[in-house]
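Each chain, written out:
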Amino acid sequence: MRRSALIVLNIVCGALLGVAINFATGDSPFRVRLIAWLLVGGLVLTVTVLELLKHRAAADRPTEPAQARRVLMDRVRRFWLAGVLERSLYHEARIELRLSATATDHDHPWGVSARGADGSEPHFPAGTEMTVLYERLGESVVILGTPGSGKTTMLLELARGLLDQASADDRPVPVVLPLASWAVRRDPLDVWITGELGARYGLPRELAERWVAEQRILPLLDGLDEVAAEHRDACAAAINAYRHAHSLAGLVVCCRITEYAELREPVAADGTLTIEPLTRPQIEAYMAGAGPGLDGLRSALSADPGLWELADSPLLLSIMALAYRDGPGPESAAGDRRRRLFAHYVDGMLRHRRNAAYPPEVARRYLGRLAYFLVEQAQTVFYLDMLYVGDGPRSLGARPSRRRVAAVTAIGPALLVGLVATGLMGWVVGLAAGVYMGVMLFFGLALRGFDEWTEAITAEMLIADPRKSSDAFFRELMVQILAGTVALRSGRGALRREPGRWLKINVLMGLAVAAAVAIGVHSSLAAALWYWLGFLVVTTSAWSIGPPVFLLSTELRPAPGRREVPGPAAAGRVAGAASFSPLVGAGFGALAGVLASLAPDPALPPVRFGLVIGLMTALLMFALIAGALVVEQLFLRAALRSAGIVPWPYLPFLDYMVECLMLRKVGAGYIFVHRELMEFLAVGPPVR
């Protein structure tokens, strides 16, 4: 829990403690004083626990940056060096085909030409380490090359050398960041880097913001050409703005030559490295020293000499070696040589590594749908949470009906509240409370949409200064809540109307509950109306305050593990809601108990009334924050599986595609072994 949340909870508990002490030491009836003393004891215990948590957080803070730095470097190594560089198609092909080792295996299979910002063309001997090239070119470099030439491999070799240097001293930490995701929000680059450090590497947001501002992060930006074409110039401008504001920080950008030449404004780097295509002598030397593992490729080249035109990059040479391991084979694929090559590769890999759960034609369909989705989204890395994002042609499936999700979400809480209230206060009150809970939760979710409501409030406060600290957001939200302006400043006009509709339903349902209480426990009308007022005040306050406070006081991180429903991001929200909702329920339950003890001619035991209201509030919070999201994901996954678009579970299939050298795993995400393969598989309408 964040320090700001601990402070606010301390303030709330302190205020309630003062009220409880007044009742406990006053002239109230014995029953009221007993409840007040119980409340005092609970609040004192709560304040003690919060203080201990606050002091422990303060004590842990000095050691956090050093530990976070080690964790960040370890994740860059695991995600990109072990997961991608050491499993590049070039190396995997050598292992798969058992090619003979040579003394030059550790050298780059390409040549490079360098150019300084002043137009100079320094010459570097063959085999010069990437860190030397980087430092000699001013520590701000653009890596250029044709498709498949090895730009990402060169970037990752540089990352390996820079990580070794950062481990030995206090240099900035190199972090690999695929640029395609920048186009989603198009934030200033420092804001985007901060978000990626949290979302992809699990770095706390406040620490990420500080490190980016202090130039302790060295961004290695992969794939400027993979940014959507309509946003590519804006991305280059954002990189230059970042470069101007962080002039002492290093920076590396990868891009295809053609797309880079089309930019209105080039990246403000100190030098460029251009990867040269493989020459015919280089290819022949590679094949001559590889042994019998390339006999199939040699036969294919003899049968179709035009294939030599494709073997100008390490990627295509490796794909050719794997695709033609059994010789040229029948020419069943249509299209030019490049498309036939990829078709041979896909068919050959699925044939050589069969999996009974995914026959080749089924695997090809699933893989094609994934490729089409990533191309349409203009993204390169697939994360499981992407299954649940978006609606319409760019999503893997349409979202389920909001009303259906709301109805299913409301059933469980309504039944639980009804059963507990029946056991504590009789079946009439239990039935009324259960119906009230179900109706209010259903209409709350179906009318306004929790995510739209809370995100609109949050987004409005972000517009003025997107780099404002989370503590500032939290303080501003508290001011708005105390001033009673949240409902008026909620963003879009459609959203402003929904709270009024929900409040009208709440009033009518509350009156129905009051009538049920009057009938069920034979209370006076005045007492029943008092209980109705308690229902209205507590539920409206919890609904309006709880979810926004949760979103701005809790740092949500994807939960580790391989559970697919809820997805990683939703699982983090579920975990946060599971700890936050009982606190809110306990606070509002105590408040409801105090209100019930003050009712004229009380007919309901205040403790029992407080327990029921506390349970309702906790379940309401959990359903709003996480429950509806989980139900929606269940509906969506069932629909995707039924339509044959995505298998359930999905992760075993993605891991199988890694074995087939179609995908590579990067942290919690998956990328195609190369963009060209993804684009080949994605051609045409979505496969359903």
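Here, the structure is the one placed above.
Scoring rules and cut-offs
- Position labels on residues start from 1 in each chain and follow its written sequence.
- Reporting in this predicted model follows two pLDDT cut-offs: at least 70 for local features of residues, and 80 or more for side-chain atom pairs to be given and counted; totals over whole chains, interfaces and linings ignore these cut-offs and use all residues.
- Processing note: side-chain calculations cover all non-hydrogen atoms of the structure and skip hydrogens and water entirely.
- Strands are runs of DSSP state E lasting at least two residues, helices are runs of H or I lasting at least four, and both sets are numbered from the N terminus onward.
- Buried, partly exposed and exposed residues are distinguished by accessible area as a fraction of the type maximum, computed with a 1.4 Å probe on protein chains only: under 20%, between the cut-offs, and over 50%, respectively.
- Contacts are assigned to residue pairs with any non-hydrogen atoms lying within 4.5 Å of each other.
- The Shrake-Rupley method, run with a 1.4 Å probe, gives the accessible areas here. Residue values count only the displayed protein chains as cover.
- Each Phe, Tyr or Trp ring, with Trp reduced to its six-membered ring, pairs with another whose centre is within 6.5 Å; inter-plane angles below 30 degrees give stacked pairs, above 60 give edge-to-face pairs, and intermediate values give tilted ones.
- Think of a nonpolar core as a cluster: buried Ala, Val, Leu, Ile, Met, Phe, Trp, Tyr and Cys residues, connected wherever their side-chain atoms sit within 4.5 Å.
- Angles shown run from 0 to 180 degrees and are taken between the N-to-C directions of axes, each axis being a line fitted to C-alpha atoms and, for helices, limited to the stretch in contact.
- Here the word oblique covers every angle except those under 35 degrees (roughly parallel), over 145 (roughly antiparallel) and from 65 to 115 (roughly perpendicular).
- Helix crossings get a hand from a simple test, with the near helix turned counterclockwise from the far one by less than a right angle marking a left-handed crossing and a clockwise turn marking a right-handed one.
- Any residue outside Ala, Val, Leu, Ile, Met, Phe, Trp, Tyr, Cys, Pro, Asp, Glu, Lys and Arg is labelled polar, Gly included; the first ten of those are nonpolar and the last four are charged.
- Any residue with relative accessible area above 30% and no salt bridge may belong to a patch, with like charges joined within 9 Å and the nonpolar Val, Leu, Ile, Met, Phe, Trp and Tyr side chains within 5 Å.
- Here a salt bridge means any side-chain nitrogen of Lys or Arg lying within 4 Å of a carboxyl oxygen belonging to Asp or Glu.
- In what follows, a disulfide is any cysteine sulfur pair within 2.5 Å.
- Here, a strand pair is defined by DSSP locating no fewer than two bridges between the strands.
- In this tally Asp and Glu are treated as negative and Lys and Arg as positive; neither His nor the chain ends contributes.
- For a crossover, the right-handed case is the one in which the path from the first strand over the helix to the second runs clockwise, viewed with the strands pointing away from the viewer.
- Expected span of a helix: the number of residues minus one, times 1.5 Å.
- What we call the bend at a residue is the angle made by axes fitted to the seven residues finishing there and the seven residues starting there.

Some words on the overall build of the protein chain
Regarding its fold elements, the protein chain presents 26 helices and nine strands. Looking at the 688 residues of the protein chain, the share that counts as buried comes to 53%. Sequence-distant contacts, at least 24 apart, represent 75% of the contacts inside the protein chain between residues at least 6 apart. Of the roughly 30,200 Å² of accessible surface on the protein chain, a fraction of 60% belongs to carbon and sulfur atoms.

Concerning the environment of Leu207
Summarising the element assignment, Leu207 is placed in helix H9 (residues 205-213). Leu207 sits in the buried class, given a relative accessible area of 5%. Distance from Leu207 to Arg69, taken between C-alpha atoms, is 10.0 Å for residues 138 residues apart in sequence.

With respect to the packing of aromatic side chains
Using the criterion set out here, one finds eight aromatic pairs in the structure. Aromatic side chains Phe79 and Tyr201 sit 5.8 Å apart centroid to centroid with 25° between the ring planes, which places their arrangement in the stacked category. You can see Phe79 sitting in helix H3 (residues 64-82) and its partner Tyr201 sitting in helix H8 (residues 189-201), a full 122 residues away along the chain. Judged by its relative accessible area of 13%, Phe79 falls in the buried class. Residue classification places Tyr201 among the buried positions, given a relative accessible area of 3%. Consider the rings of Tyr358 and Phe653, whose centres lie 5.3 Å apart with planes at 65°: the pair is edge-to-face. Taken as a pair, Tyr358 in the loop between helix H15 (337-352) and helix H16 (360-377) and Phe653 in helix H25 (residues 651-659) lie far apart in primary sequence, 295 residues in all.

A word on the nonpolar core
Leu224 and Met662 are the most contacted members of the largest nonpolar core, which totals 137 residues. If we ignore the near neighbours within four places in the chain, the residues touching Leu224 are Leu179, Arg232, Cys235, Ala236, Ile239, Val253, Cys254, Cys255, Tyr260, Leu263 and Val267. Counting residues in hydrophobic clusters, the runner-up holds 38 residues, among them Leu445, Met621, Leu624 and Ala628.

Structural notes on the packing of helix H17 (residues 402-425) against helix H24 (residues 606-642)
Think of two packed helices as two axes; the pair is described by the angle between the axes and how far apart they sit. Relative to each other, H17 and H24 sit at 160°, their axes nearing to 8 Å. Classified by the interaxial angle, the pair formed by H17 and H24 is roughly antiparallel. Pair H17 / H24 crosses with right-handed handedness. A per-class count over the contact of H17 with H24 returns 19 nonpolar, two polar and three charged.

Quick look at the packing of H15 against helix H26 (residues 675-682)
At a minimum axis distance of 10 Å, the contact between H15 and H26 shows a crossing angle of 90°. The angle between H15 and H26 places the two elements in the roughly perpendicular class. Here Arg338, Arg339, Phe342, Ala343, Tyr345 and Val346 of H15 come into contact with H26, specifically with Glu676, Leu677, Phe680 and Leu681. Taken together, the residues of the contact of H15 with H26 sort by class into seven nonpolar, no polar and three charged.

Focus on a nonpolar patch on the surface
Residues Trp427, Leu431 and Val435 make up a contiguous nonpolar surface patch of about 350 Å² in total accessible area. Checked against the element boundaries, Leu431 lands in helix H18 (residues 427-447).

Some words on the pattern of salt bridges
Under the defined criterion, the tally for this structure stands at 16 salt bridges. The closest approach of N and O atoms between Glu214 and Arg216, which form a salt bridge, is 3.8 Å. Its relative accessible area of 43% is what places Glu214 among the partly exposed residues. On the accessibility criterion, Arg216 (29% relative accessible area) is partly exposed. Each member of the salt-bridge network shares a partner with another, and the members are Asp225, Arg256, Arg675 and Glu679.

With respect to the state of the cysteines
Under the defined criterion, the tally for this structure stands at zero disulfides. Sulfur of Cys254: no disulfide; nearest cysteine sulfur belongs to Cys255 and is 8.8 Å away. What makes Cys254 buried here is its relative accessible area of 1%. Of the residues examined, Cys255 reaches a relative accessible area of 0% and is grouped as buried.

Structural notes on the sheet that holds strand E1 (residues 111-116)
Sheet strands line up and pair through hydrogen bonds in the backbone, either parallel or antiparallel. Across the sheet, which stays open at both edges, the six strands sit in the order E1-E6-E2-E5-E4-E3 with mixed pairing between neighbours. In this open sheet, the two strands that pair with only one neighbour each are E1 and strand E3 (173-178). Geometrically, the sheet is characterised by an average inter-axis angle of 20° between neighbouring strands, direction not taken into account. The sheet contact formed by E1 and strand E6 (residues 271-276) spans six bridges and is antiparallel. Paired with Ser113 across the bridge in E6 is Thr274. Along the sheet, helix H10 (residues 232-245) makes contact with strand E2 (140-145), strand E4 (217-222) and strand E5 (251-256), crossing E5 at roughly 165°.

Topic: the side chain of Glu259
Note on placement: Glu259 falls in helix H11 (residues 257-261). One buried charged side chain, Glu259, makes no salt bridge at all; its nearest oppositely charged neighbour is Arg256, positioned 4.0 Å away. Glu259 has contacts with Asp225 and Arg232, leaving out every residue within four places of it along the chain.

Considering the sheet that holds strand E9 (residues 669-672)
One open sheet accounts for three strands, arranged E7-E9-E8; its pairing is antiparallel. The open sheet has two edge strands with one neighbour each: strand E7 (381-383) and strand E8 (663-666). With strand direction ignored, the average angle separating the axes of adjacent strands in the sheet is 35°. The pairing of E7 with E9 spans three bridges and is antiparallel. Across the sheet, residue Val381 finds its bridge partner in E9, namely Ile671.

With respect to the pairing of E5
Side chains on a regular strand alternate between the two faces of the sheet. Most of E5 sits inside the fold, with six of its six residues counted as buried. With six bridges connecting them, E2 and E5 associate as parallel partners. Counted as the bridge partner of Val142 is Val253 from E5. Taken together, E4, H10 and E5 form a β-α-β motif whose crossover is right-handed.

Section: the environment of Leu179
Residue position: Leu179 is located in the loop between E3 and helix H7 (182-185). With a relative accessible area of 0%, Leu179 lands in the buried category. Separated by 200 residues in sequence, Leu179 and Gln379 have C-alpha atoms that sit 8.8 Å apart.

Observations concerning helix H23 (residues 568-597)
Each turn of an α-helix holds 3.6 residues, which means side chains three or four residues apart point in the same direction. Between its first and last C-alpha atoms H23 spans 44 Å; for 30 residues at 1.5 Å apiece the expected length is 44 Å, and the two agree. The largest bend along H23 measures about 30° and falls at Ala577.

Regarding H10
Between the first and last C-alpha of H10 there are 20 Å, a value that for 14 residues agrees with the 20 Å anticipated at 1.5 Å per step. Every buried residue belonging to H10 is among Arg232, Cys235, Ala236, Ala238, Ile239, Asn240, Tyr242 and Arg243, and all of these are buried.

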